[in-house]
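Structure at a glance
Listed below, chain by chain, are the residues.
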Amino acid sequence: MKKKIIIINFLISFTVLFAMLFQTVHSYEHVYRQLTEKHCDHKYTAHKNQITHAHSVENHCPICHFTFSTFIPNSFHSLSFQKINVVTTPVFFYKTVASTFFKGSLFALRAPPSLF
């Protein structure tokens, strides 16, 4: 069991290390592409529209924009606690009322109903 955990920990750490190193090597690919690209000089003439060729710049690279993040959302919900004051009046006398009228039956009971 311990060998499996050690192997799993090694693979996960190797995966994180590979993701970080791959992004660094990929950034060198962008530098190499810029250095080997043919440089062109444009000669513009006044008052004439010229459409010769277009330069495309890669602005969105998903490998360069990869980041590690947590799965916990950033929104925090705040709770406000309010103290509720209930005004009670003291009762000095208790009186029990015994009624002889039975208001129904409960079939789960197996005895006659009690009146008191």
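Attention here is on the structure that accompanies the text. These numbers were taken from a predicted model, which means no experiment stands behind them.

1. Observations concerning the overall build of the protein chain
When helices and strands are tallied, the protein chain shows one helix and zero strands. Within the protein chain, the proportion of its 116 residues that are buried is 3%. For the protein chain, the accessible surface area stands at approximately 13200 Å², while carbon and sulfur atoms represent 65% of it.

2. Digging into the packing of aromatic side chains
Overall, the coordinates contain two aromatic pairs when judged by the stated rule. On the numbers, 6.2 Å between centres and 20° between planes, the contact of phenylalanine 10 with phenylalanine 14 is stacked. Of this pair, phenylalanine 10 and phenylalanine 14 both sit in helix α1 (residues 2-36), four residues apart, which is roughly one turn of the helix. Judged by relative accessible area, which is 48%, phenylalanine 14 ranks as partly exposed. Considering the side-chain rings of phenylalanine 18 and phenylalanine 22, the 5.8 Å spacing of their centres and the 25° angle between planes classify their relative orientation as stacked. Placement of the pair is phenylalanine 18 and phenylalanine 22 together in helix α1, with a separation of four residues, close to one helical turn.

3. Considerations on the pattern of salt bridges
Across all of its chains, the model carries one salt bridge by this definition. Of the charged contacts, one joins arginine 33 and glutamate 29 as a salt bridge, the two residues approaching to 3.3 Å between their closest N and O atoms. In this pair, arginine 33 and glutamate 29 are both assigned in helix α1, four residues apart and thus about one turn of the helix distant. Exposure remark for arginine 33: the relative accessible area of 38% places this residue in the partly exposed category. Residue classification places glutamate 29 among the partly exposed positions, given a relative accessible area of 38%.

4. Describing the environment of isoleucine 63
Within the secondary structure, isoleucine 63 sits in the segment after α1. With 40 residues separating them along the chain, isoleucine 63 and glutamine 23 place their C-alpha atoms 6.3 Å apart. In this structure, isoleucine 63 is in contact with Phe22, Gln23 and His26, ignoring residues within four places of it in sequence.

5. Looking at the side chain of histidine 26
Take histidine 26: it is sitting in helix α1. Residue classification places histidine 26 among the buried positions, given a relative accessible area of 9%. Leave out the neighbours within four places in its chain, and histidine 26 touches Cys61, Ile63 and Cys64.

Each value, and the rule that gives it
- Residues numbered from 1 in each chain as written.
- Predicted model: local features only at pLDDT ≥ 70, side-chain atom pairs only at ≥ 80, totals over all residues.
- Heavy atoms only, no water.
- Helix = DSSP H or I, 4+ residues; strand = E, 2+ residues; numbered from the N terminus.
- Buried < 20%, exposed > 50% of the residue type's maximum accessible area, 1.4 Å probe, protein only.
- Areas by Shrake-Rupley, 256 points an atom, 1.4 Å probe, with all protein chains shown as cover.
- Phe/Tyr/Trp six-rings, centres within 6.5 Å; stacked < 30°, edge-to-face > 60°.
- Salt bridge = Lys/Arg side-chain N within 4 Å of Asp/Glu carboxyl O.
- Contact = heavy atoms within 4.5 Å.

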